[in-house]
Amino acid sequence: GITTAGDVLVYAGTDIEMTSAAVTAANNLMYQSTNGDILLAELTATNTVALESGGDVLDNNGGLSGNITAMHLSLNTLGSIGAPQPGGIESVNDNAIDTDVDVLSALSGTGIYIQNADALTIAAIPSLTVNVDVSCIGSNGTSTSVGLAGNHAALSDVTSGSAIKLVTIAGSLTVSDGLDGDGL
């Protein structure tokens, strides 16, 4: 796993697949997969988790094991966020993204399936920039420091081109007006 007192930025041109390892950031955590899926195990941040995918964002640890714990969660994907439960509309969905977050914003092309442990508010989440410094070791043994930045645009509401299923296991669901000012 990865644990840091700062931010975490993971960027890939294809899939990002987590198995059982956990990633914990003391501030913000950002995953960006431009042309692939993000397969989640466990992500924890004290502030914001921001995920962007050119494919799907899916539960890769099964069942009700937590996928994301944070104050704010912003998800933006061309595909699906989670997946429906095969065979029905049961209240428990093993394929949903399992969260414990206070505030959610999500944009999906093909469906959103999220189960949150406690009360959940749908509201705007401001843009996020994560800066990290990486030390690269060359073939000659010299070290070079490289700065990397990930940017995640502001997002509000929960919007999908298909089904949306949000479940709060224990607590209320509050929907506030997003950035568009349309009262919903």
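Computed from a predicted structure; not experimentally measured.

J.: Just to check I follow, could you spell out the pairing of strand 10 (residues 68–77) for this structure?
T.: Regular strands place side chains that alternate from one sheet face to the opposite one. In terms of burial, strand 10 is a largely internal element, seven of the 10 residues being buried. Alignment of strand 7 (residues 42–45) against strand 10, held across two bridges, turns out to be parallel. If you follow Leu43 over to strand 10, its bridge partner there is Ile68. Two elements, strand 8 (residues 48–53) and strand 10, share six bridges in a ladder whose sense is parallel.

J.: It is not clear to me how the sheet that holds strand 9 (residues 57–59) should be interpreted in this structure. Could you clarify?
T.: Within a beta sheet, neighbouring strands are joined by backbone hydrogen bonds and run either parallel or antiparallel to one another. Ordered in space as 3-6-9, the three strands form an open sheet in which the pairing is parallel. What marks the edges here is a single partner per strand, and that holds for strand 3 (16–17) and strand 9. Pairing between strand 6 (residues 38–40) and strand 9: three bridges, direction parallel. Residue pairing for strand 9: Ile38 is matched across the bridge by Val57.

J.: I would appreciate a short explanation of the environment of Ser80 in the present structure.
T.: Along the polypeptide, Ser80 turns up in the loop between strand 10 and strand 11 (97–108). Taking relative accessible area as the criterion, Ser80 reaches 10% and is therefore assigned buried. With 50 residues separating them along the chain, Ser80 and Val130 place their C-alpha atoms 24 Å apart. Excluding residues within four positions of it along the chain, Ser80 makes contact with Gly55, Asp56, Val57, Ser108, Thr110, Gly111 and Tyr113. Looking at Ser80, its side chain comes within polar contact range of the main-chain oxygen of Gly111, at 3.4 Å.

J.: I tried to follow the side chain of Thr99 on my own but got confused; where do I start?
T.: Tracing the sequence through the fold places Thr99 in strand 11. A distance of 2.6 Å separates a polar atom in the side chain of Thr99 from a polar atom in the side chain of Asn116. Those residues in contact with Thr99, other than ones at most four positions away along the chain, are Ile68, Leu73, Ile114, Gln115, Asn116 and Ala117.

J.: So what exactly am I meant to see when it comes to the nonpolar core here?
T.: Side chains of nonpolar character tend, in soluble globular proteins, to be buried together. Of all hydrophobic cores here, the largest spans 30 residues; its most connected members are Leu43 and Leu51. With sequence-adjacent residues up to four places away left out, Leu43 is seen in contact with Met18, Val23, Leu29, Tyr31, Val49, Leu51, Asn67, Ile68 and Thr69. Listed in part, the six residues of the second largest apolar core include Leu9, Met30, Val130 and Val132.

Cut-off values and rules
- Every chain begins its residue count from 1, and numbering advances along the sequence as written.
- Residue-level local features of this predicted model are given only where pLDDT is at least 70; pairs of side-chain atoms are given and counted only at 80 or more, and the full residue set underlies all totals for whole chains, interfaces and linings.
- Remark: hydrogens and water are excluded; side-chain values derive from all non-hydrogen atoms of the structure.
- For every residue, the accessible area obtained with a 1.4 Å probe (protein chains only) is divided by the maximum for its type, and the residue is called buried under 20%, exposed over 50%, and partly exposed between those limits.
- Put simply, DSSP H or I for four residues or longer makes a helix, DSSP E for two residues or longer makes a strand, and each gets a number counted from the N terminus.
- Strand pairing follows a simple DSSP-based rule, namely that at least 2 bridges must link the two strands.
- Whether two residues touch is decided by their heavy atoms; if any such pair falls within 4.5 Å, the residues are in contact.
- The term polar contact refers here to a pair of N or O atoms within 3.5 Å; inside protein, the definition further demands a hydrogen-donor-capable atom paired with an acceptor-capable atom, and it admits residues adjacent in sequence only when both atoms are side-chain atoms.
- The definition of a nonpolar core used throughout is a set of buried Ala, Val, Leu, Ile, Met, Phe, Trp, Tyr and Cys residues joined through side-chain atoms within 4.5 Å.

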